[in-house]
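Understanding the architecture of this molecule
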Amino acid sequence: MKVTIIGAGSWGTALAMVLAQAGNEVRIWAREQLIVDNVNNSHTNGIYLPGIILPESIRAYAELEEALRNAELVVFATPSHTVRTLAEQARVFLTGNEVFVNVAKGIENDTYMTMSQVLAEVLDGRVIEDHIGVLYGPSHAEEVSLHKPTTVVSAANSKTTAKIIQNAFMTPMFRVYVNHDVLGVEIAGSVKNILAIAAGIVEGLDLGDNANAALITRGLAEMKRLGMRLGASQDTFSGLAGIGDLIVTCTSRHSRNRYVGYQIGKGEKLDHIVSKMEMVAEGIKTTKSVYEWSKKLQVDMPITKHVYQVLFENVNPEDAVYELMTRDPKEEILM
């Protein structure tokens, strides 16, 4: 297929490699002219994937119109808070026949929309909603770019669209399963970033393996509670987009969200941490969205609540942990 990737960060670049290896014709759009020049001339993206040589067939563009020309599959690989703006810019260059796949993980502030919902709203009248899907799962760009075995899920309301995405990305080292619960996949992939911040705080405070295991397990319960309140399938949260992505993001040194939490646990302030990061930690903005969303829906999400308080209300991380541990006794599984 003729594929255009919007976004040349680490994940967009790693997926460009996967798509090229799968036999697709790949274009990648980047804001920075330096990245465009490096991809085209030296076949590298040293800013986001240092030390990795890209397939020579990948071409980079600085103009959206040029990058999108004749595209059959369009991949949104930008930070979630920029998806709406870039979709609005891309809209005028679309034919309406393209298949879209979002790989950004987040919930939009204020609207509480998932990214596929944002795309459906912005592209309404130009692109049918059945042409929009997502690709989520336990997958760090650093490992994908090194051809390490990775398994993810393609989800769309249309079975045909989900299969198109699956076939486009499938390689011997990048295995794609189909899941038809789009909402569940997106909620799981977004909420796990909040929990990764919490896991980083646990590590930064040196609270131990018991605490981290409890966090992952009870975090999964929160994720599932929100998803099922909105009509998602319980099984999704036991799959790759749920527990799979949760484990890797809460335990891996590659996780930007876990890094943010770790630095907070060590006493750093959020603004200072973010100012030193090249890449975006999606969980920060998503924490605000999901905390406010859970209050509106009256869904109990205590870990999310306390991460929000640490990030935005200057609550001491140790105090937040103590408050979580001393809440009223609960049933583990609510019937």
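Read on for a plain summary of the structure. (Residues numbered from 1 in each chain as written. Predicted model: local features only at pLDDT ≥ 70, side-chain atom pairs only at ≥ 80, totals over all residues. Heavy atoms only, no water.)

We now examine the sheet that holds strand β4 (residues 73-76). Spatial strand order, β3-β2-β1-β4-β5-β6-β7-β8: eight strands in an open sheet with mixed pairing. In this open sheet, the two strands that pair with only one neighbour each are β3 (59-61) and β8 (174-179). When the angles between neighbouring strand axes are averaged without regard to direction, this sheet yields 25°. Pairing between strand β7 (residues 150-156) and β8: six bridges, direction parallel. If you follow Val152 over to β8, its bridge partner there is Val176. Along the sheet, helix α1 (residues 10-21) makes contact with β1 (2-6), β2 (25-29), β4, β6 (132-136) and β8, crossing β2 at roughly 170°. Sheet strands in contact with helix α4 (residues 83-91) are β1, β2, β4 and β5 (99-102), and its direction is about 150° off that of β4. (Pairing = 2+ DSSP bridges. Helix = DSSP H or I, 4+ residues; strand = E, 2+ residues; numbered from the N terminus. Axes fitted to C-alpha atoms, helices over the stretch in contact; angles between N-to-C directions. Contact = heavy atoms within 4.5 Å.)

Rolled over the atoms, a probe sized like a water molecule indicates the empty space that remains. Space inside the largest pocket adds up to approximately 1,200 Å³. In terms of lining, the largest pocket is formed by 35 residues, of which the most central are Arg218, Ala221, Arg225, Ile303 and Arg327. If you list the elements that add at least two residues to the lining of the largest pocket, you get α8 (182-204), α9 (209-229), α14 (302-312) and α15 (317-325). Ranked by residue count, the leading element in the lining of the largest pocket is α9, at 11 residues. The computed volume of the second largest pocket comes to approximately 760 Å³. Surrounding the second largest pocket, 35 residues form its lining, Ser10, Trp11, Ala77, Arg256 and Val280 being those nearest its centre. Here the element with the most residues in the lining of the second largest pocket is α1; it accounts for three residues. (1 Å grid on protein atoms, 1.4 Å probe; cavity = no way out; pocket = protein on both sides within 12 Å on 5 of 7 lines; lining within 4 Å. Points joined across faces, edges and corners; volume = space filled by probe spheres on them.)

With that out of the way, let us pick up α1. Relative to the 16 Å expected for 12 residues at 1.5 Å per residue, α1 spans 17 Å between its end C-alpha atoms, a close match to the ideal helical length. Taken across its 12 residues, α1 has 11 buried, putting it largely inside the fold. Restricting attention to buried positions, one finds in α1 the residues Ser10, Trp11, Gly12, Thr13, Ala14, Leu15, Ala16, Met17, Val18, Leu19 and Ala20. Looking at the residues trailing α1, positive phi occurs at Gly23, about 95°. (Expected span 1.5 Å × (residues − 1). Buried < 20%, exposed > 50% of the residue type's maximum accessible area, 1.4 Å probe, protein only.)

With four of its five residues buried, β2 lies for the most part within the structure. Both β1 and β2 contribute to a ladder of five bridges, which runs parallel. Looking across to β2, one finds that Val3 is bridged to Val26. Read from β1 through α1 to β2, the crossover connection turns out right-handed. Direction of pairing for β2 relative to β3: parallel, over a ladder of three bridges. Bridged to Ile28 within β3 is Ala60. Handedness of the crossover joining β2 and β3 through helix α2 (residues 33-41) is recorded here as right-handed. (Right-handed = clockwise from strand over helix to strand, strands pointing away.)

The backbone phi angle of His147 is positive, close to 65°, even though this residue is not glycine. Summarising the element assignment, His147 is placed in the loop between α6 (141-144) and β7. Relative accessible area serves as the criterion here: at 41%, His147 is assigned to the partly exposed category. Positioned with a positive phi, Gln298 is a non-glycine residue whose angle comes to about 60°. As for its placement among the helices and strands, Gln298 is situated in the loop between α13 (283-297) and α14. When its relative accessible area of 75% is taken as the criterion, Gln298 is described as exposed.

So, about the pairing of β7. Most of β7 is tucked away: six of the seven residues are buried. As paired strands, β6 and β7 are joined by four bridges and run antiparallel to one another. Looking at β7, one finds that Tyr136 is bridged to Val153. Crossover β7 to β8 through helix α7 (residues 159-169) is right-handed.

Here we come to α8. Compared with the 33 Å implied by 1.5 Å per residue over 23 residues, the 34 Å span of α8 between its first and last C-alpha is a close match. Of the residues flanking the end of α8, it is Asp206, one or two places downstream, whose phi is positive at about 60°.

Applying the stated criterion across every chain, the model contains five aromatic pairs. Seen from their ring centres, Tyr112 and Trp293 are 6.1 Å apart, and the 15° between their planes marks the pair as stacked. A residue pair is termed long-range when its members are at least 10 positions apart, and Tyr112 in the loop between β5 and α5 (115-122) and Trp293 in helix α13 qualify at 181 residues. The exposure class assigned to Tyr112 is buried, which follows from its relative accessible area of 15%. Using a relative accessible area of 8% as the deciding quantity, one classes Trp293 as buried. Looking at Lys105, its charged tip hangs above the ring of Tyr136, at a distance of 5.5 Å from the centre. (Phe/Tyr/Trp six-rings, centres within 6.5 Å; stacked < 30°, edge-to-face > 60°. Lys NZ or Arg CZ within 6 Å of the ring centre and 35° of its normal.)

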